[in-house]
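# Summary of the model geometry
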Protein chains: 2
Amino acid sequence: MNTVITISREFGSGGHSIGKQVAEKLGIPFLDSQIVEEVAKESGFAKDYVKKADEAASYPDLFITSNIFSTNYFDSPQEQIQKIQSEYIIEQAKKGPCVIAGRCADYVLENAGIPALNVFIHASMEFRKNRVLNVYGETDERIEKRIEKKDKGRKSYYRYYTDRKFGEYENYALSLDSGILGEEKCIEYIIDAAENFNK
Amino acid sequence: MNTVITISREFGSGGHSIGKQVAEKLGIPFLDSQIVEEVAKESGFAKDYVKKADEAASYPDLFITSNIFSTNYFDSPQEQIQKIQSEYIIEQAKKGPCVIAGRCADYVLENAGIPALNVFIHASMEFRKNRVLNVYGETDERIEKRIEKKDKGRKSYYRYYTDRKFGEYENYALSLDSGILGEEKCIEYIIDAAENFNK
């Protein structure tokens, strides 16, 4: 198995857990959003951010938006983090097979010309509410609000950095409803597809 | 196996062939768009159409649009066909497990409260061009035009009768890229998901 797998997912769908178990079963590294973000921050963001923020302060008009791969010196802090994250994702994918959750990894690797099995995990709001309720123990109202907020955040994050719509079928080899299929089956299909990828 | 399976697909993706093989392997009926359309026509459209067209000719202003489930007497011929098709799909699904390709079957069954495993099959334009070329032997230019025309037709047909976007992940338990995964694997996952549906 020599495949890089990316997992994009709706909040509460269990996509994170599915990605983690796929990595464990295949014995390859699992990189989730948090890990990517932390590593990116440690590896250079804090230092770079302070430096660039200092310098850019003299040119406030030059704080313009850009995509992941531009090299604009005056990117916003979030855009700098995204670039360092993208570089980190590419670096890890070049090292060998791994599972990467979130961070627009499907788009990042596609643009870097690195083949990956791209997977999208989703589920109905009802299923996600129950799942989040089981995991976090909140009330119904809070859960729904939280899910909607997270959904909105992921959609706009993905749109901003990729200029594509979150979850569109064209971008994924497999889009799976974890509520209908169950976590175990999602894991099974992903592993099987990864083992047969590019054969 | 007691599951109704619907297959929506991009033209040239092999979704029709996948659906047919799933039905054969499961030993259940396969209903494609052509069959549904023919049966619907034979079962009442021709007779009804002539009758209603005759009567409606006196009230041309009353030829208004409507959705699949309305019962407007002055529907256009195409809308009448769609309604008879929908009734036929529901009737077949109530009889027992089957595979239904196209004709907005996912939407029709959902609205009729009949559980179904909804599948979407897609592939890159490059893969679909090659596949259509192999099957029909046309030139590259003709193939691309034909695919785009068919894509457009399916999208607007689905949008018109369902008011939903063709291929959106929310509506499918599995969305599979037949170009990346291969026909055999798509068949395997669909059969496995069908056998575990609602368990």
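Predicted model only: the values in this text are computed from it and were never measured.

The next point concerns the side chain of A:Asp192. If you trace the backbone, A:Asp192 turns up in helix α8 (residues 183-195). By relative accessible area, A:Asp192 is classed as buried at 19%. Look past the residues within four positions of A:Asp192 in its chain and what remains in contact with it is B:Lys185, B:Glu188 and B:Tyr189.

Each side of the interface is counted separately: chain A has 26 residues, and chain B has 26 residues. Of the roughly 1,900 Å² buried between chain A and chain B, counting both surfaces, carbon and sulfur atoms make up 54%. Considering only the side of chain A, the residues that lose the most area to chain B are A:Tyr169, A:Ala173 and A:Tyr189, jointly responsible for 32% of the buried surface there. For the pair chain A and chain B, the interface holds four salt bridges. Between A:Lys185 and B:Asp192 there is a salt bridge whose closest N-O contact spans 2.8 Å. Of all the elements in the fold, those that place two or more residues in the side of chain A that touches chain B are β4 (117-122), β5 (174-177), α7 (178-181) and α8 of chain A. No other element matches the five residues that α8(A) contributes to the side of chain A that touches chain B. Classifying every residue of the side of chain A that touches chain B by side-chain character gives 13 nonpolar, four polar and nine charged. As judged from the three bridges shared by β5(A) and strand β5 (residues 174-177) of chain B, these two strands associate in the antiparallel manner. If you follow A:Leu176 over to β5(B), its bridge partner there is B:Leu174.

Here we take up the packing of helix α1 (residues 15-26) of chain B against helix α8 (residues 183-195) of chain B. Residues and elements named next belong to chain B. Interaxial distance between α1 and α8 falls to 9 Å at its minimum, and their mutual angle equals 50 degrees. Here α1 is positioned oblique relative to α8, judged by the angle of their axes. As α1 runs across α8, the sense of the crossing is right-handed. Where α1 abuts α8, its residues Ser-17, Ile-18, Gln-21, Val-22, Lys-25 and Leu-26 lie against Glu-183, Glu-184, Cys-186, Ile-187, Ile-190, Ile-191 and Glu-195. Residues belonging to the contact of α1 with α8 are distributed by class as follows: seven nonpolar, two polar and four charged.

Looking now at the pattern of salt bridges. Should their charged atoms come close, side chains of opposite charge can pair. Residue and element names in this part refer to chain A. Taken as a whole, this structure holds 18 salt bridges over all chains when the rule is applied. With a shortest N-O distance of 3.5 Å, Glu-10 and Arg-128 are connected by a salt bridge. Separated by 118 residues along the polypeptide, Glu-10 in the loop between β1 (5-9) and α1 (15-26) and Arg-128 in helix α5 (residues 125-136) bring together distant segments of the chain. Salt bridges linked by common partners bring Glu-10, Arg-128 and Asp-151 together as one network.

Turning our attention to the relation of the copies chain A and chain B. A rotation about some axis, followed by a shift along it, carries one copy of the chain onto the other. Aligned on chain B, chain A shows an RMSD of 0.0 Å; the corresponding rotation is 180 degrees and the shift along the axis is 0.0 Å. Such values leave the two copies arranged in the relation of a two-fold axis. In terms of proximity to the rotation axis, the leading residue of chain A is A:Ser175, whose C-alpha is 2.4 Å off the axis. In this assembly, 100% of the residues forming the interface of chain A have copies in chain B that are likewise at the interface, indicating an isologous arrangement.

Strand pairs in the sheet, formed through backbone hydrogen bonds, run parallel or antiparallel to each other. Ordered in space as β2(A)-β3(A)-β1(A)-β4(A)-β5(A)-β5(B)-β4(B)-β1(B)-β3(B)-β2(B), the 10 strands form an open sheet in which the pairing is mixed. Strand pairing shows two members of the sheet lacking a second neighbour, β2 (30-31) of chain A together with β2 (30-31) of chain B, which therefore form its edges. Bridge count for strand β4 (residues 116-122) of chain B against β5(B) is four bridges, and the pairing is parallel. If you follow B:Ile121 over to β5(B), its bridge partner there is B:Leu176.

Definitions and limits used
Residues numbered from 1 in each chain as written. Chains lettered and ligands numbered in written order. Predicted model: local features only at pLDDT ≥ 70, side-chain atom pairs only at ≥ 80, totals over all residues. Heavy atoms only, no water. Helix = DSSP H or I, 4+ residues; strand = E, 2+ residues; numbered from the N terminus. Buried < 20%, exposed > 50% of the residue type's maximum accessible area, 1.4 Å probe, protein only. Contact = heavy atoms within 4.5 Å. Buried area = accessible area lost by both parts, 1.4 Å probe. Salt bridge = Lys/Arg side-chain N within 4 Å of Asp/Glu carboxyl O. Nonpolar A, V, L, I, M, F, W, Y, C, P; charged D, E, K, R; others polar. Pairing = 2+ DSSP bridges. Axes fitted to C-alpha atoms, helices over the stretch in contact; angles between N-to-C directions. Parallel < 35°, antiparallel > 145°, perpendicular 65-115°, else oblique. Left-handed = near helix turned anticlockwise from the far one by under 90°. Least-squares fit on C-alpha atoms with pLDDT ≥ 70 in both.

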